[in-house]
Structures are given as C-alpha cells and as structure tokens.
Amino acid sequence: MCKILTSARIAMVFLFVMASCSGVKTAEKTSAITAEIPALIPLPTEVNWRDEVYQLPKKNTICAAPGTETAAKWLEKLLISASLDPKMLTDESCGNWQLKLNKDLISSIGEEGYALTVNDSGILLESGSEAGLFYGIQTLRQFFPAQIETGKTGKIAFRQVHIRDTPAYEWRGSMVDMARSFFGMDYLKTHIDRMALYKMNRLHLHLSDDQGWRIQLDAYPQLTEIGSKSSVEGGRSGFLTKEQFSEIQEYAKERHIIVIPEIDMPGHIYAALRSLPELNCEDQSNINPTHVLPPEPYTGYKVGWTKFCMDNPKTYEFAQNVLREIAEMTMGDYLHIGGDEIEDPAYEEFILKIDKMVQDLGKTGIGWEEITKAAVSNNMISQQWHGKVNPKNKNIRQIESICSSFYLDHANVPGQPNTLNWCNKEGVSLADVYGFRSENPNALGMEAPVWSEHVLTDEMMDDRFWPRLMAVAEISWTPEQALDFEDFKQRLGRQGLRMKLMGIHHYPTPGIAWPEVPVNSVYTDVFSGFSPNN
C-alpha cells in the first residue's frame with residue numbers, strides 16, 4: 001500500500017512522499033507550510049478543522065474502490081487542472097486519494113451525503129452513492145485555490161479536516177424562464193456547471209408562455225415554426241430541438257441535476273394559440289383582454305389574459321399529445337404543468353384531468369400553487385410562489401419559491417434597472433434570500449426562479465442569479481441551526497475570485513469584500529464541457 005508520512009516540529013513541516021506503488025520513493029522537504037480554512041459554500045453539516053496541513057505531492061495516486069470509477073474520473077480531471085500528475089488504480093487502498101462507496105453510510109448521511117477526511121496520509125472520500133461522491137469532489141474543488149479554474153496553480157496544501165455532510169433538503173433548484181427571452185445551449189450548460197459546484201440539483205426550464213414556445217415537438221411542428229419566432233420586446237427568440245433537450249439533460253444528469261420541463265397551461269398560452277388557431281374559442285373569448293390576436297406575436301409583459309378554450313375537445317387532445325411527447329423526451333421523473341394566474345369556471349376540472357394524464361404517463365406532476373384549488377392527487381407537487389392558496393389536499397408536497405425571498409428577477413438592491421418589483425418594491429436582497437426559513441413540514445426544498453421579461457442577455461441572467469443563488473444553495477443544504485449570514489458574507493467574498501475566473505457576471509452586492517480582478521482575466525471552468533463517460 002502506498003503511504004504518505006508527515007511530521008511537524010515547531011514551524012517546520014517535512015513531507016515524505018511515496019509517489020506510487022511501484023516502489024520508487026521520493027522525498028520532498030518543505031518549510032512553513034500553511035493553508036487557510038477554505039470558504040466553503042454551502043457550509044457542510046459537520047466540520048472539524050485541524051491545525052495541521054497536507055501538501056499535495058506532484059505525483060498522486062487515485063485509489064478507486066469498486067463503484068467509484070465515475071467519481072474517480074471527475075477527481076482525475078480536477079487534479080490535472082491543478083497541474084498535478086494523477087495515476088488511477090482500482091483497489092481498496094493504494095494511494096493518497098482514496099474513493100470508497102459504502103452503502104451502509106446511506107442510513108446515517110442519506111443518498112447525497114458524504115464523509116471527507118484530510119490527514120497525514122492524504123484524502124479519503126466516502127459515500128453511499130455516486131451523487132455523494134460527486135458532491136464531496138465539489139467540496140474538494142473549493143479547497144483548491146480559485147486559480148484552478150484557469151489551470152494556473154502553484155504548490156497546494158490543504159488544511160486537515162474531517163467532514164460529514166448531508167443536505168437539509170432534497171430539492172435545491174433554480175428556474176430559467178426561456179419563454180419570454182430565449183437562453184440557448186451554451187448558457188444552460190454553463191449554468192448547470194455553476195449549479196453543480198454549489199450542490200444544486202434541480203433545473204426548471206419554463207419552456208412556454210405568451211411570448212414564445214421553446215421546445216420542438218413532432219406532433220405540432222407549428223409550435224416552433226411559428227411560436228418560437230417571437231419574444232418579449234428586446235429579447236431573443238429560438239427553441240431547443242429534441243436532440244438539444246436530450247443533450248442538456250445528459251449533461252445535467254452527469255452532474256446529478258434533474259431537468260424539469262414546464263409547459264404552462266391552461267393560461268400563459270398565447271404562443272400555442274397563435275401557432276394553432278383551432279385551439280381558440282370561435283369568438284376568441286379565451287383571449288381577454290385583447291392585447292393582440294393571432295397571427296400577431298405578443299412582445300409585451302402582461303399576464304393572465306390568455307387561456308385554453310376549456311369546452312373545446314381539441315384542448316384536451318392537444319394537452320394529452322404535448323404531455324405524452326414531453327414525457328417521452330424527459331429523463332427525470334417530473335413534468336411541470338404551470339397552472340398559474342387564470343380564472344375560469346372549468347379550471348379545477350382541467351387541472352384534475354391534467355393530473356390524471358401526468359400520472360398515466362408515469363411522471364410526477366408539478367404546478368404553481370393555484371393547482372391546489374383543485375383536489376389534486378398526492379402525485380402532484382405544489383410550487384409555492386405567493387402562499388395565498390389554501391390547498392384542498394393538505395398533504396401535498398411543496399417547493400418553496402415564495403416571491404419575496406426567491407424571485408431573483410427582482411432587484412438586488414432598490415432601484416436596480418431592468419428589474420421587477422411587484423412582489424417587493426425594494427427588491428429581493430441577498431439578506432432576504434438567506435433569511436428565509438421554511439416552517440412547512442411538506443416542503444421538499446427551495447427553488448429560485450428568474451422570469452425574463454427584462455432579462456435579455458446571458459450577462460443579465462448572471463446578474464440576477466449570482467450571488468443570490470449561492471444563498472439559496474446554502475439555506476437548502478446547510479442545517480438551519482448552522483446558518484449565519486455574517487459568516488456567509490465573509491465566505492461569499494472569498495468566493496469572489498473564483499466566480500470572476502469562472503466568468504460569472506455577478507451583481508457586486510454591497511457589504512461584501514469582493515476582490516479586485518483584472519479585466520483581462522481568462523474566464524473558464526474546471527469541468528466545463530467535461531464528461532466522465534468520454
């Protein structure tokens with residue numbers, strides 16, 4: 001077995017490294033080795049830091065026990081990015097980086113938890129699942145200096161530590177509104193990479209609304225031939241092909257993120273009504289007030305003025321066909337059916353029919369909280385956004401997306417241009433996000449949406465998500481009793497260089513000690529475009 005032995009005497013640390021299991025020994029003598037405690041976000045559940053350090057040798061051996069082969073490839077990529085020389089072996093105990101899959105750990109730290117130890121012998125990462133190993137590697141990534149994102153690092157030392165970590169909530173998400181203004185493959189993959197770093201695991205894509213339809217369907221090619229050509233004023237039009245949607249899901253799945261498609265119905269539906277006029281009532285009374293009529297596109301900001309013609313049999317045929325094809329395309333368990341901001345006598349009946357359709361397709365349905373006006377099944381999940389609906393089904397599971405804490409299209413600070421303020425005129429501050437605490441026993445977790453009426457570019461979307469999404473990541477992962485906003489702000493400031501080097505165009509939230517970064521920095525990401533399956 002390969003061993004790395006260290007001894008500490010006064011302020012001197014001597015490291016003796018056996019670089020491989022081949023019997024070739026090397027020794028490196030260093031002095032005054034130091035390593036600060038890394039600014040981890042989200043804060044782990046249990047952390048015990050030691051004063052000692054472990055300096056990474058130039059040559060490293062990854063010991064991948066059975067079941068950890070995929071995680072070993074992520075770790076190998078991380079070490080290569082740090083200009084270290086990794087060798088991978090498949091064994092139980094053979095190197096200074098040990099990965100172990102232990103199913104017994106699930107009973108104590110859950111499906112997504114992990115245990116991480118850094119000591120004189122190196123690094124040991126254990127979990128009961130691939131997801132837990134992946135999250136442990138994301139924690140280790142934050143041990144490395146921020147410059148690892150650009151592949152420029154010198155000698156690296158880790159503070160020794162023992163961590164046991166498991167998420168407080170199973171649902172840790174963000175939502176990108178692609179319907180008002182389109183966001184394509186490059187941005188979505190970049191966003192997925194960033195979510196993964198902070199252990200977020202749900203990406204909700206709002207794919208249809210009055211302004212545009214953003215997903216290709218074989219059953220109704222008109223939806224993209226016509227409906228995808230429009231956007232909100234100043235926004236971008238476009239759509240995802242079926243192949244692109246599959247690619248995005250595969251990319252996310254490798255990073256343990258589930259993609260949830262939303263087709264909003266029975267309201268917010270003008271892009272479909274424009275593409276398929278036969279879905280309208282004969283007198284077009286389902287479009288009221290009449291901001292526009294088919295075939296004209298809608299580029300405005302109003303909501304609640306379009307809906308399906310509820311007594312038109314073609315409405316239910318359309319819904320069935322769309323949901324079936326979306327379900328066939330969707331790798332995850334969830335279909336989001338919208339359901340918000342509509343008044344109609346047939347609304348509850350419609351929602352119950354859609355609930356049944358989704359169940360028959362073998363998926364779990366999600367809808368905005370208005371769906372609970374109907375006696376929906378326990379198969380449905382309610383996404384809370386204003387908290388005013390008294391659900392008929394008291395046992396329904398819920399996602400916390402309350403607008404005053406999670407609608408990140410609202411201003412970072414009062415008066416920020418191109419932001420919304422209808423939920424809170426002062427905006428949604430970093431403190432508003434971090435201060436949210438759920439008292440709902442049925443809450444699965446949190447999700448932060450960005451509606452794109454005024455979010456027209458990738459940089460603007462970054463500005464709305466970051467750094468507030470990091471607060472969402474922490475409050476949905478870290479135990480409530482360990483949450484500390486002042487400590488979080490300090491760690492957030494220390495994450496600033498990494499964010500800049502990753503090319504995140506974040507809002508410079510006041511009160512954070514952001515570092516100054518040269519404008520000519522090369523922006524990249526350790527795992528950008530990486531696949532462990534290639």
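Scope of this entry: the structure provided in the associated data block. (Residues numbered from 1 in each chain as written. Predicted model: local features only at pLDDT ≥ 70, side-chain atom pairs only at ≥ 80, totals over all residues. Heavy atoms only, no water.)

Comments concerning the overall build of the protein
Now for step 1: The secondary structure content of the protein amounts to 14 helices and 18 strands.
Now for step 2: Computed over C-alpha atoms, the radius of gyration of the protein comes to 25 Å, within 12% of the 24 Å expected from 2.2 N^0.38 for 534 residues, which places it in the range of a compact globule.
Now for step 3: Expressed as lengths along the three principal axes of its C-alpha atoms, the size of the protein is roughly 85 × 45 × 40 Å.
Now for step 4: Burial statistics for the protein: of 534 residues in total, 59% are counted as buried.
Now for step 5: A fraction of 71% describes how many contacts in the protein between residues 6 or more apart in sequence connect residues 24 or more apart.
Now for step 6: Split by element, the accessible area of the protein, about 20800 Å² in all, is 49% carbon and sulfur.
Now for step 7: One way to put it: in the protein the 51 positive side-chain charges average out to a point 7 Å from where the 70 negative ones average out. (Helix = DSSP H or I, 4+ residues; strand = E, 2+ residues; numbered from the N terminus. Rg over C-alpha atoms; globule rule 2.2 N^0.38 Å. Buried < 20%, exposed > 50% of the residue type's maximum accessible area, 1.4 Å probe, protein only. Contact = heavy atoms within 4.5 Å. Areas by Shrake-Rupley, 256 points an atom, 1.4 Å probe, with all protein chains shown as cover. Lys, Arg positive; Asp, Glu negative; His and termini not counted. Charge placed at Lys NZ, Arg CZ, Asp CG, Glu CD.)

Quick notes on the state of the cysteines
Now for step 1: One pass over the full model with this rule turns up 2 disulfides.
Now for step 2: The side chain of Cys 281 participates in a disulfide bridge whose partner is Cys 309; the two sulfur atoms lie 2.1 Å from each other. Classification of the bridge connecting Cys 281 and Cys 309 rests on its S-S torsion, roughly 110 degrees, and on that basis the disulfide is right-handed. Within this pair, whereas Cys 281 is found in the loop between α7 (270–275) and α8 (313–329), its partner Cys 309 is found in the loop between α7 and α8, the two being separated by 28 residues in sequence. Neither Cys 281 nor Cys 309 differs from the other in exposure class; each is buried.
Now for step 3: Disulfide pairing places Cys 403 opposite Cys 423 at an S-S distance of 2.1 Å. An S-S torsion of about 65 degrees defines the bridge between Cys 403 and Cys 423 as right-handed. Linking Cys 403 in helix α10 (residues 403–406) with Cys 423 in the loop between α10 and α11 (430–434), this pair joins segments that are 20 residues apart in sequence.
Now for step 4: For Cys 403, a relative accessible area of 6% gives the class buried. (Disulfide = S-S within 2.5 Å.)

Details of the nonpolar core
Now for step 1: Counting residues in hydrophobic clusters, the biggest one holds 136 residues, and the most contacted among them are Trp 97, Phe 144, Phe 158, Trp 213 and Phe 318.
Now for step 2: At 8 residues, the largest contribution of residues to this core is made by α8.
Now for step 3: If near-sequence neighbours (up to four positions away) are discounted, Phe 158 is found in contact with Ala 35, Glu 52, Val 53, Tyr 54, Leu 56, Trp 97, Val 118, Ile 123, Leu 140, Phe 143 and Phe 144.
Now for step 4: Trp 171, Tyr 334, Ile 366 and Ile 399 belong to the second-largest nonpolar core, a separate cluster that totals 7 residues. (Core = buried A, V, L, I, M, F, W, Y, C linked by side-chain atoms within 4.5 Å.)

Describing helix α12 (residues 458–465)
Now for step 1: For α12, the tally of buried residues reaches 6 of 8 residues, placing the bulk of the element in the interior.
Now for step 2: The set of residues buried in α12 consists of Met 460, Met 461, Asp 462, Asp 463, Arg 464 and Phe 465.
Now for step 3: For α12, the elements touching its buried residues are β11 (171–177), α4 (185–197), β18 (443–450) and α13 (468–477).

Things to note about the pairing of strand β8 (residues 114–119)
Now for step 1: Among the 6 residues of β8, 5 are classified as buried, and the element is accordingly described as predominantly covered.
Now for step 2: When β8 meets strand β10 (residues 157–165), the two strands line up antiparallel, connected through 5 bridges. Paired with Thr 117 across the two strands is His 162, which belongs to β10.
Now for step 3: Where β8 and strand β9 (residues 122–127) come together, 5 bridges link them in antiparallel fashion. Across the sheet, the residue bridging to Asn 119 is Gly 122, located in β9.
Now for step 4: Connecting β8 to the antiparallel partner β9 that follows it, the hairpin turn spans 2 residues. (Pairing = 2+ DSSP bridges.)

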